[in-house]
Amino acid sequence: EPEVTQTPSHQVTQMGQEVILRCVPISNHLYFYWYRQILGQKVEFLVSFYNNEISEKSEIFDDQFSVERPDGSNFTLKIRSTKLEDSAMYFCASIIPGQINTEAFFGQGTRLTVV
Amino acid sequence: ELKVEQNPLFLSMQEGKNYTIYCNYSTTSDRLYWYRQDPGKSLESLFVLLSNGAVKQEGRLMASLDTKARLSTLHITAAVHDLSATYFCAVDAGGTSYGKLTFGQGTILTVHP
């Protein structure tokens, strides 16, 4: 079964450092998403990406965040200068549009710990 | 703005009992998901409900969708300890926000012997 792959599974970084979270979506999917889940809370939408540009972003997705699809397979989330409150589980998801039975597939997540 | 509310948020059940988790949402959608999450783990997809009146069952779990009432239910039959987890519903905003999911707060289910 196809799957969304995220790396690393866990990353510890110092406050102020840049981090890049990586995702390999399912190969024929066209819409890509990042979500965040702070420990003990619900999953929150960060950003959607389609046709090599951001199609929608939430209030959380400020200037410290960026996304790109550098090589046609990877989909990355960069946090420029991490803060303690960025500690969370980050999930990548992808979906193929236009099919009745399509569904979003989530990766296993990257747990980011900012110290 | 799409809002999704689950209730109850905490559910303590005895093994063998039945219960239902409710998911209400505020705007029209034709795609709703139910996920299970174990502590510290990823989201496990349980059900995708795609149309009004959709009902899906897997083991002791059954999910249904009423798009007119903007309500989905996750029914648990004869609960067992292995079902202890957090359950989330998530609603696809659709339209120009196709694929963007708005999650409920989650229901923490604990099944006691």
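Our structure's up above, just so we're on the same page.
Residues numbered from 1 in each chain as written. Chains lettered and ligands numbered in written order. Predicted model: local features only at pLDDT ≥ 70, side-chain atom pairs only at ≥ 80, totals over all residues. Heavy atoms only, no water.

1. Observations regarding the overall build of chain B
Consideration 1: Assigned secondary structure in chain B consists of 0 helices and 11 strands.
Consideration 2: For chain B, the N- to C-terminal ordering of α and β elements is β-β-β-β-β-β-β-β-β-β-β.
Consideration 3: A globule of 113 residues ought to have a C-alpha radius of gyration of about 13 Å, and chain B, at 14 Å, matches this closely.
Consideration 4: In terms of overall dimensions, chain B has C-alpha extents of about 45 × 30 × 20 Å along its principal axes.
Consideration 5: Burial statistics for chain B: of 113 residues in total, 48% are counted as buried.
Consideration 6: Taking contacts inside chain B between residues at least 6 apart in sequence as the whole, the part at least 24 apart equals 53%.
Consideration 7: As displayed, chain B offers around 5400 Å² of accessible surface, 50% of which is attributable to carbon and sulfur atoms.
Consideration 8: Mean positive and mean negative side-chain charge positions of chain B (10 and 10 charges, respectively) differ by 3 Å. (Helix = DSSP H or I, 4+ residues; strand = E, 2+ residues; numbered from the N terminus. Rg over C-alpha atoms; globule rule 2.2 N^0.38 Å. Buried < 20%, exposed > 50% of the residue type's maximum accessible area, 1.4 Å probe, protein only. Contact = heavy atoms within 4.5 Å. Areas by Shrake-Rupley, 256 points an atom, 1.4 Å probe, with all protein chains shown as cover. Lys, Arg positive; Asp, Glu negative; His and termini not counted. Charge placed at Lys NZ, Arg CZ, Asp CG, Glu CD.)

2. Quick notes on the state of the cysteines
Consideration 1: In the structure shown here, the tally under the stated rule is 2 disulfides over all chains.
Consideration 2: Note on cysteine connectivity: Cys23 of chain A is disulfide-linked to Cys92 of chain A, with sulfurs 2.0 Å apart. The disulfide joining Cys23 of chain A to Cys92 of chain A has a torsion of about -60° about its S-S bond and is therefore left-handed. With Cys23 of chain A in strand 3 (residues 19-24) and Cys92 of chain A in strand 9 (residues 88-95), this residue pair connects regions lying 69 residues apart in the sequence.
Consideration 3: Exposure remark for Cys23 of chain A: the relative accessible area of 1% places this residue in the buried category.
Consideration 4: One disulfide in the model links Cys23 of chain B with Cys89 of chain B; its S-S distance is 2.0 Å. In this structure the cystine formed by Cys23 of chain B and Cys89 of chain B twists about its S-S bond by roughly 80°; its chirality is therefore right-handed. Highlighted residues: Cys23 of chain B in strand 3 (residues 19-25) and Cys89 of chain B in strand 9 (residues 85-94), separated in sequence by 66 residues. (Disulfide = S-S within 2.5 Å.)

3. So, the pairing of strand 11 (residues 110-114) of chain A
Residues and elements named next belong to chain A.
Consideration 1: Side chains Thr110, Leu112 and Val114 of strand 11 all project onto a buried face; the interleaved residues Arg111 and Thr113 project onto a face where none is buried.
Consideration 2: One ladder, built from 4 bridges, connects strand 2 (residues 10-13) with strand 11; its direction is parallel. Within the sheet, the bridge partner assigned to His10 lies in strand 11 and is Arg111.
Consideration 3: Where strand 9 and strand 11 come together, 3 bridges link them in antiparallel fashion. Of the residues in strand 11, the one forming a bridge with Met89 is Arg111. (Pairing = 2+ DSSP bridges.)

4. Overview of the nonpolar core
Consideration 1: Among the nonpolar cores identified, the biggest contains 25 residues, and Leu32, Trp34, Leu74, Ile76, Tyr87 and Leu109 of chain B are the most heavily contacted of them.
Consideration 2: Mapped by element, the contributors of at least two residues to this core are strand 2 (10-14), strand 3, strand 4 (32-37), strand 5 (43-49), strand 7 (61-66), strand 8 (71-76), strand 9 and strand 11 (107-112) of chain B.
Consideration 3: Here this core gets 4 residues from one element, more than from any other, and that element is strand 9 of chain B.
Consideration 4: Sequence-distant contacts of Tyr87 of chain B, that is, excluding residues within four places in its chain, are made with Gln6, Ile21, Tyr35, Arg36, Leu46, Leu61, Leu74, Gly106, Thr107 and Leu109 of chain B.
Consideration 5: Residues Val19, Ile26, Trp34 and Val47 of chain A belong to the second largest nonpolar core, which totals 21 residues. (Core = buried A, V, L, I, M, F, W, Y, C linked by side-chain atoms within 4.5 Å.)

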